[in-house]
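Coordinates in review
Here's the letter readout for the chains.
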Amino acid sequence: ILPISENQMLIRLQKICSLISFWSPDIGKVSYLPKILYPFLKCFPGDDIFVFETVMALLSSILKYFIEFYPNFPVTHIKLIEEIIKKETNGTIQKIFNELNIPLNELIWRMIKYLFSESLKKNDWLSFIDFLITYNHKPEMILYFTSAFFIFTKNEINTGINLTQKNLVKLFIDNKQR
């Protein structure tokens, strides 16, 4: 699942997953936990305690509202994001996603559950994480950020010639050009 070529990185990942599972058995059951941890491990190669504390702070303050629905995605939160996107784009984004048979709610959930690590360049991702930690007393900020992320791409989507399912999803996932 993860591009781990070094045995050392795998050991670090297993160790921190184990620590988190010990600290919170419910969070330890989350199947996408390694994918949340991986970008932190890459950005902070020598500081496993910092990675553990940072991820636990995020999980216990901001993402706790998303994990409580595990193994399902948080329908009410995703619906709220969809409503904001619909209102701010006059429904154009939903219409395009529906025409291409792309479940918008699944794409939103994928971006949130991996903390935008697949969507943002390294420095942008670090700024985003810094923002989330700074405003950890306002867990709704991730909802607004996700909505804004889609709204920001409205013009790109509307002017997209030969828009296909594959390149529309790629616009949000694995697009480090932003």
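A brief report on the enclosed structure follows. (Residues numbered from 1 in each chain as written. Predicted model: local features only at pLDDT ≥ 70, side-chain atom pairs only at ≥ 80, totals over all residues. Heavy atoms only, no water.)

In this section: the nonpolar core. Counting residues in each nonpolar core, the largest one holds 53 residues, and the members touching the most others are Leu115 and Phe150. Looking at this core element by element, the count peaks at seven residues for helix H3 (residues 33-43). Beyond its immediate chain neighbours, meaning those up to four positions away, Phe150 contacts Ile85, Ile93, Phe97, Leu104, Leu107, Ile108, Met111 and Phe172. (Core = buried A, V, L, I, M, F, W, Y, C linked by side-chain atoms within 4.5 Å. Buried < 20%, exposed > 50% of the residue type's maximum accessible area, 1.4 Å probe, protein only. Helix = DSSP H or I, 4+ residues; strand = E, 2+ residues; numbered from the N terminus. Contact = heavy atoms within 4.5 Å.)

It is worth spelling out the packing of helix H6 (residues 75-89) against helix H10 (residues 141-152) at this point. At a closest axis distance of 9 Å, the pairing of H6 and H10 adopts a crossing angle of 40°. With respect to their mutual orientation, H6 and H10 come out oblique. Read as a crossing pair, H6 and H10 show a hand that is right-handed. Contacts between H6 and H10 pair His77, Leu80, Ile81, Ile84, Ile85, Glu88 and Thr89 from the former with Leu143, Tyr144, Thr146, Ser147, Phe150 and Ile151 from the latter. Partitioning the contact of H6 with H10 into residue classes produces eight nonpolar, four polar and one charged. (Axes fitted to C-alpha atoms, helices over the stretch in contact; angles between N-to-C directions. Parallel < 35°, antiparallel > 145°, perpendicular 65-115°, else oblique. Left-handed = near helix turned anticlockwise from the far one by under 90°. Nonpolar A, V, L, I, M, F, W, Y, C, P; charged D, E, K, R; others polar.)

Counting across every chain of the model gives eleven aromatic pairs. Consider the rings of Phe116 and Phe149, whose centres lie 5.3 Å apart with planes at 65°: the pair is edge-to-face. Separated by 33 residues along the polypeptide, Phe116 in the loop between helix H8 (104-113) and helix H9 (122-134) and Phe149 in helix H10 bring together distant segments of the chain. Members of the aromatic cluster, joined through ring pairs, are Phe116, Phe128, Phe145 and Phe149. Lying over the aromatic face of Tyr114, Lys35 brings its terminal NZ or CZ to 4.6 Å of the ring centre. (Phe/Tyr/Trp six-rings, centres within 6.5 Å; stacked < 30°, edge-to-face > 60°. Lys NZ or Arg CZ within 6 Å of the ring centre and 35° of its normal.)

These figures come from the coordinates and say nothing about function on their own.
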